[in-house]
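# Remarks on the overall topology
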Amino acid sequence: MQSVEQDPAANYLVFNQVKKTYDQKTLVVKDFSLTVAKGEFITLLGPSGSGKSTVLMMLAGFESVTSGDISVDGVSITRTAPYHRNIGMVFQSYALFPHMTIAENLAYPLQIRKKSKAEIKDRVKEYLALIEMQDFGGRYPGQLSGGQRQRVALARALIFEPSLVLMDEPLGALDKKLREQMQYEITRLHETIGFTVIYVTHDQTEALSMSDRIAVFNAGVVQQCATPAELYERPANAFVADFIGENN
Ligand code: ADP
Ligand code: MG
C-alpha cells in the first residue's frame with residue numbers, strides 16, 4: 001500500500017508552516033500547515049479577523065509569504081507570479097465588467113489565455129448552460145439580479161478550467177434563499193467538474209453543509225482540521241466546540 005506521503009494526489013496543495021506579518025510585528029497567520037488532496041472541498045472557517053483572507057491572498061499570490069512554503073503538485077509556488085498560478089477566484093465583491101455583456105465577461109479569461117475564437121464560443125455556451133443562464137449571454141451585469149451575477153462570477157472563475165479555485169465568502173452579500181441555492185450550485189459544479197476548492201466563510205452552517213473537510217481557524221492558527229461529522233462529534237478544544245455549536 002502506498003503511504004499518504006508518497007501519493008501526489010493526496011498532497012496536491014501543501015501549506016508548510018506558513019507565516020504572515022503585515023507590519024513586521026504581529027503575526028496574523030502564525031503557523032499555517034495544511035495538506036489538501038486533489039479534488040477536495042476544504043473550508044477555512046473562523047471568525048472575522050482570524051486571517052482567512054490573508055491565507056487565500058498568499059495562495060493567490062497577491063500577498064507575499066513572510067516565511068514557510070506553499071506548493072501545488074509538488075512544486076513550490078511561494079515565489080510564482082499570480083498570473084502563472086492559474087488559480088480561479090470568486091469573492092463576495094468580485095465585480096463583473098459592467099460595460100461587457102455576460103458572454104464577453106465569460107470570454108475574457110479565455111481571451112487573455114489566447115484561446116481560439118471557436119473554442120471561446122463553445123466554452124462560453126457550455127458554461128452559460130452549466131449555470132442555467134443560456135439566454136443571458138447578451139445582457140449586461142446591470143440587468144441581472146445579485147444571484148445571477150454571482151453565478152456568472154462563479155462561471156467566470158471556472159471557465160479557464162483552473163485546477164484550484166479559491167472562494168472568499170462568495171455568498172456573503174446574498175439573502176438566505178439565494179445563498180442556499182448558490183451553495184447547491186457550487187457543490188454541483190464541484191462534483192461535475194472536479195476542481196479543488198479552498199472556500200472561506202465565517203458561517204458554520206455553510207461550512208458544515210458544503211465541505212469535505214473544515215479547517216477551523218482562530219487568531220492565525222488552525223485549531224482543528226477534520227470532516228464536518230468529526231468536528232461536530234469530537235471537537236479538539238473548547239474554541240472549536242463553541243464555534244461549531246454556534247447558530248447564526
Ligand atoms: P479574515 O479574512 O479572517 O477576516 P484577514 O486575513 O482579512 O482575516 O485579516 C487578518 C488580520 O490581518 C486582521 O487583523 C486584519 O486587520 C489584518 N490585515 C488584513 N489585511 C491587511 C493589510 N493589507 N495590511 C495590514 N493588516 C492587514
Ligand atoms: Mg476575510
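Residues numbered from 1 in each chain as written. Chains lettered and ligands numbered in written order. Predicted model: local features only at pLDDT ≥ 70, side-chain atom pairs only at ≥ 80, totals over all residues.

## Quick word on the site of ligand 1
All residues adjacent to ligand 1 are Tyr22, Val28, Gly46, Ser48, Gly49, Ser50, Gly51, Lys52, Ser53 and Thr54. Per-element tally for the shell around ligand 1: the top contributor is helix 1 (residues 52-60), with three residues. By residue class, the composition of the shell around ligand 1 is two nonpolar, seven polar and one charged. (Near = placed C-beta within 6 Å. Helix = DSSP H or I, 4+ residues; strand = E, 2+ residues; numbered from the N terminus. Nonpolar A, V, L, I, M, F, W, Y, C, P; charged D, E, K, R; others polar.)

## Some words on the sheet that holds strand 1 (residues 13-21)
The strands making up a sheet associate through backbone hydrogen bonding, with each pair oriented either parallel or antiparallel. Ordered by their spatial adjacency, four strands build an open sheet running 2-1-4-5, and the pairing between neighbours is antiparallel. Where the open sheet ends on each side, the last strands, each with one partner, are strand 2 (27-36) and strand 5 (75-76). Relative to the sheet, helix 1 contacts strand 1, strand 2 and strand 4 (67-72), its axis offset from that of strand 2 by approximately 65°. (Pairing = 2+ DSSP bridges. Contact = placed C-beta atoms within 7 Å. Axes fitted to C-alpha atoms, helices over the stretch in contact; angles between N-to-C directions.)

## Focus on unusual backbone geometry
Unusually for a residue other than glycine, Gln17 sits at a positive phi of about 50°. Mapped onto the elements of the fold, Gln17 is located in strand 1. Judged by the 11 C-beta atoms lying within 10 Å of it, Gln17 falls in the exposed class. Phi is positive for Gln24, which is not a glycine, with a value near 65°. Summarising the element assignment, Gln24 is placed in the loop between strand 1 and strand 2. (Buried ≥ 20, exposed ≤ 12 C-beta atoms within 10 Å, placed from the backbone.)

## Focus: the sheet that holds strand 10 (residues 221-226)
Spatial strand order, 6-7-8-3-9-10: six strands in an open sheet with mixed pairing. At either margin of the open sheet sits one strand with a lone partner, and together these are strand 6 (87-91) and strand 10. Sheet twist, expressed as the average angle between the axes of neighbouring strands with direction ignored, equals 15°. Examined bridge by bridge, strand 3 (residues 41-45) and strand 9 (residues 213-218) share four bridges and lie parallel to one another. Paired with Leu45 across the strands is Val216, a residue of strand 9.

## So, the environment of Ser163
Here Ser163 shows up in the loop between helix 5 (146-158) and strand 7 (164-168). Taking the C-alpha atoms as reference points, Ser163 and Val72, separated by 91 residues in sequence, lie 10.0 Å from one another. Beyond its immediate sequence surroundings of up to four residues, Ser163 is in contact with Phe195 and Thr196.

## Focus on helix 5
In this model, helix 5 (13 residues) spans 19 Å end to end at C-alpha, consistent with the 18 Å of a helix rising 1.5 Å per residue. Extensive coverage of helix 5 is indicated by the burial of 10 of its 13 residues. Along helix 5, the residues that are buried comprise Arg149, Gln150, Arg151, Val152, Ala153, Leu154, Ala155, Arg156, Ala157 and Leu158. (Expected span 1.5 Å × (residues − 1).)

## Notes on the pairing of strand 7
Side-chain direction in a regular strand flips from residue to residue, so the side chains alternate between the two faces of the sheet. Among the five residues in strand 7, five count as buried, and that is most of the element. Side-chain alternation along strand 7 places Leu164, Leu166 and Asp168 on one buried face and Val165 and Met167 on a second face that is also buried. With helix 6 (residues 176-193) bridging strand 7 and the parallel strand 8 (residues 196-201), this β-α-β connection has right-handed handedness. (Right-handed = clockwise from strand over helix to strand, strands pointing away.)

## Section: the confidence of the model for the protein
Summarising the model, the protein shows a mean pLDDT of 91, and 96% of its residues fall at 70 or more. Confidence scores differ between elements of the protein, with helix 2 (residues 82-85) showing the lowest mean pLDDT of 85 and strand 3 the highest of 97. Here the predicted complex scores 0.89 on pTM and 0.98 on ipTM. (pLDDT = per-residue confidence, 0-100.)

## Brief notes about helix 3 (residues 102-111)
Three or more residues of helix 3 are buried, namely Ile102, Asn105, Leu106, Ala107, Pro109 and Leu110. On the buried face of helix 3, the contacting elements are helix 4 (117-130) and helix 5.

## Describing the packing of helix 3 against helix 5
Where helix 3 contacts helix 5, the two axes come as close as 8 Å, and the packing angle between them is 25°. Looking at the two axes, helix 3 sits roughly parallel to helix 5. In this structure, helix 3 crosses over helix 5, and the sense of that crossing is right-handed. Every residue of helix 5 that contacts helix 3 at Ile102, Asn105, Leu106 and Pro109 is listed here: Val152, Ala155 and Arg156. (Parallel < 35°, antiparallel > 145°, perpendicular 65-115°, else oblique. Left-handed = near helix turned anticlockwise from the far one by under 90°.)

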